[in-house]
Amino acid sequence: MALEGTGPLSAQASQSKYWNQLTETMPRAKLDALHLKKIKRLLAFVYEHNEFYRERLRLAGVKPDDIRSLDDFKRLVPTTDKLDFIDFQAERPPYGKTQNLPDDLICHHAETSGTTGKPLAIPYSMYDTIRYGESWTYGFWALGIRPGDSFYFAFSWGNFAGFWSAYWGVRRFGGKVISGGGLDTKGHIAAIQRLKPTVLISTPTFALRIAEVAKGMGVDLAKSSIRYTFHAGEPGPTALPAMRKQLEEAWGAKAGELLGIAEVDAFAPGCPLGDGVHVNEMNVFSWVMDPKTGQEVAEGEIGENVITSFVNNAQPLLNYRTHDLVRPRRSCSCGRTWTKFEGSVLGRTDFMMTVRGTNVYPTAVENLLGEIAGVSPHYEMILKQEMGNDVMEIRFEPDKSVPSEDWEGLAQHVSNCIHRALHVRLNSVVLKPESLPRYDLKTKRVIDQRPKEFRRALERE
């Protein structure tokens, strides 16, 4: 077990299942009491210091003293959305009315990647970075990683928040940081061979890309020093079991992931059972609502994750709509009492297609593609409109082992597998190997070619 501000205490502690057993196994009644205490303090603080929330609460006729229970908080405090913050930042850049601390206490500036519109600016205080980094440590520990491990960061160090927080996490954890910033894919492979790190940090699709390039160079990364791969930034080994298999076979390593939202926190480390993520209830309060009615859903039902962060003092987020669809569970056989999201994120409230009367989520299609023999990890889902109806086309590269004369048959097989599983027919198009783009960060799987007025946000940014 680890105490606040320290690493593991002894050899015996290093065998524990938990980074912090006291907090990870806290009874629900105590967790909820702690949440209410933190929420009340946070509400009082933002009401006094934050123009954005003070206006929101006044318009809703709510004062901090009105919140006497978690139900009061869910029911009375208005929800917020990313677009709210972007609009206010545009009026008064860089942070607008949402900034909670003076400029001299902001130690780090980051942004969302902005692939679906304007980027959101994110300020962090020193305290924020430490607490944010702490979230990664739970996932590292649960996977089996220990402070003696060395972490290879296979990405460029830009303004994106995601892997900066992983860096804060490794510093907090006590591991060694090895930066691959500025190197191309072959450079990463050479650095891994030379420096012999034990943990790879990257997006999951880029990890597969590195392994693919290495294979072409005659390098078997399953025989490298890497014993763990740890991922974030896009659906990974928990959300996509087929991807877990691909990663672990390619690297000969155990694959894990973390669910995070740049402006919120790296808030949900993977469950060691590999079938979901646990909400870090020391850093955030999360509840799940029906996105149509606004009412809380029952345990085991799918709804939208609404989150309040206790981490971001510089830009607080209260009752923040993530638009992520999740299935919450209150218990887990791993022993953690923190809320579990089965399968991580199951879809998006602002992105679901209805094709011929059937609801289709991209993650469901991705899982199927990953299980079909002969289909490589490189594919795209193209959204179109035909005669006023949404349609989806699958474009994929075959595995290089598949003869070209079998490609069309494989495309038909893909369409048939999707039809059997999802009860909807999607057109499948096979492309030549190496014809689709490769990405160092988030892979763009979904290409929306519908008229602008029909497009919706495709990613959490």
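Here's what I pulled together on the structure shown here.

## Points about the overall build of the protein chain
Point 1. Scanning the protein chain from terminus to terminus reveals 12 helices and 21 strands.
Point 2. Buried positions account for 54% of the 461 residues belonging to the protein chain.
Point 3. A sequence separation of at least 24 residues applies to 68% of the contacts in the protein chain between residues at least 6 apart.
Point 4. Summed over all atoms, the accessible surface of the protein chain reaches about 19,900 Å², with 52% contributed by carbon and sulfur.

## What about empty space enclosed by the protein?
Point 1. Using the criterion set out here, one finds 4 cavities of 30 Å³ or more in the structure.
Point 2. By volume, the largest cavity is sized at about 140 Å³.
Point 3. The wall of the largest cavity is formed by 14 residues, among which P377, H378, P437, T443 and R445 lie closest to the centre.
Point 4. Contributions of two or more residues to the lining of the largest cavity are made by α9 (204-216) and β18 (375-386).
Point 5. At 4 residues, β18 tops the list of elements feeding residues into the lining of the largest cavity.
Point 6. Residue composition of the lining of the largest cavity, by class: 6 nonpolar, 3 polar and 5 charged.

## Overview of helix α7 (residues 162-173)
Point 1. Taking 1.5 Å per residue, 12 residues should reach 16 Å; α7 reaches 17 Å between its end C-alpha atoms and fits that length.
Point 2. At the exit of α7 stands G174, carrying a positive phi of roughly 100°.

## Focus on the packing of aromatic side chains
Point 1. If you walk through the whole model with that rule in mind, you get 27 aromatic pairs.
Point 2. With 5.6 Å between their ring centres and 65° between their planes, W19 and W141 make a pair best called edge-to-face. Of this pair, W19 sits in the segment before α1 (21-24) while W141 sits in helix α6 (residues 126-143); the two residues are 122 residues apart in sequence, bridging distant segments of the chain.
Point 3. Above the plane of the ring of W141 lies R146, whose end atom (NZ or CZ) is 3.7 Å from the centre.
Point 4. Positioned over the ring face of Y379 is R445, at 4.0 Å from the centre of the ring.

## A look at the packing of helix α10 (residues 241-251) against helix α11 (residues 362-371)
Point 1. α11 packs onto α10 with a crossing angle of 45° between their chain directions and a minimal axis gap of 7 Å. It follows that α10 is oblique to α11 by the angle criterion. For the pair α10 and α11, the contacting residues are P241, A242 and Q246 in the first and N367, G370 and E371 in the second.
Point 2. Grouping the constituent residues of the contact of α10 with α11 by class yields 2 nonpolar, 3 polar and 1 charged.

## Considerations on the nonpolar core
Point 1. Counting 39 residues, the largest nonpolar core has L43, F73, F267 and F341 as the members making the most contacts within it.
Point 2. Excluding its chain neighbours within four sequence positions, the residues that come into contact with F73 are I39, L43, I67, F285, T308, L318 and N319.
Point 3. Among the nonpolar cores identified, the runner-up in size contains 33 residues, and M26, V170, F173 and A232 belong to it.

## Some points on α11
The periodicity of an α-helix, 3.6 residues per turn, causes residues three or four places apart in sequence to face the same way.
Point 1. Where burial is concerned, most of α11 is hidden: 7 out of the 10 residues are buried.
Point 2. Among the residues making up α11, those that are buried are P362, T363, V365, E366, N367, L368 and L369.

## Quick word on the sheet that holds strand β11 (residues 303-309)
Point 1. Sheet architecture is open: 4 strands sit in the order β10-β11-β12-β15, paired in antiparallel fashion. Edge positions in the sheet fall to β10 (284-289) and β15 (347-348), since each has one partner strand and no second.

Conventions used here
Residues numbered from 1 in each chain as written. Predicted model: local features only at pLDDT ≥ 70, side-chain atom pairs only at ≥ 80, totals over all residues. Heavy atoms only, no water. Helix = DSSP H or I, 4+ residues; strand = E, 2+ residues; numbered from the N terminus. Buried < 20%, exposed > 50% of the residue type's maximum accessible area, 1.4 Å probe, protein only. Contact = heavy atoms within 4.5 Å. Areas by Shrake-Rupley, 256 points an atom, 1.4 Å probe, with all protein chains shown as cover. 1 Å grid on protein atoms, 1.4 Å probe; cavity = no way out; pocket = protein on both sides within 12 Å on 5 of 7 lines; lining within 4 Å. Points joined across faces, edges and corners; volume = space filled by probe spheres on them. Nonpolar A, V, L, I, M, F, W, Y, C, P; charged D, E, K, R; others polar. Expected span 1.5 Å × (residues − 1). Phe/Tyr/Trp six-rings, centres within 6.5 Å; stacked < 30°, edge-to-face > 60°. Lys NZ or Arg CZ within 6 Å of the ring centre and 35° of its normal. Axes fitted to C-alpha atoms, helices over the stretch in contact; angles between N-to-C directions. Parallel < 35°, antiparallel > 145°, perpendicular 65-115°, else oblique. Core = buried A, V, L, I, M, F, W, Y, C linked by side-chain atoms within 4.5 Å. Pairing = 2+ DSSP bridges.

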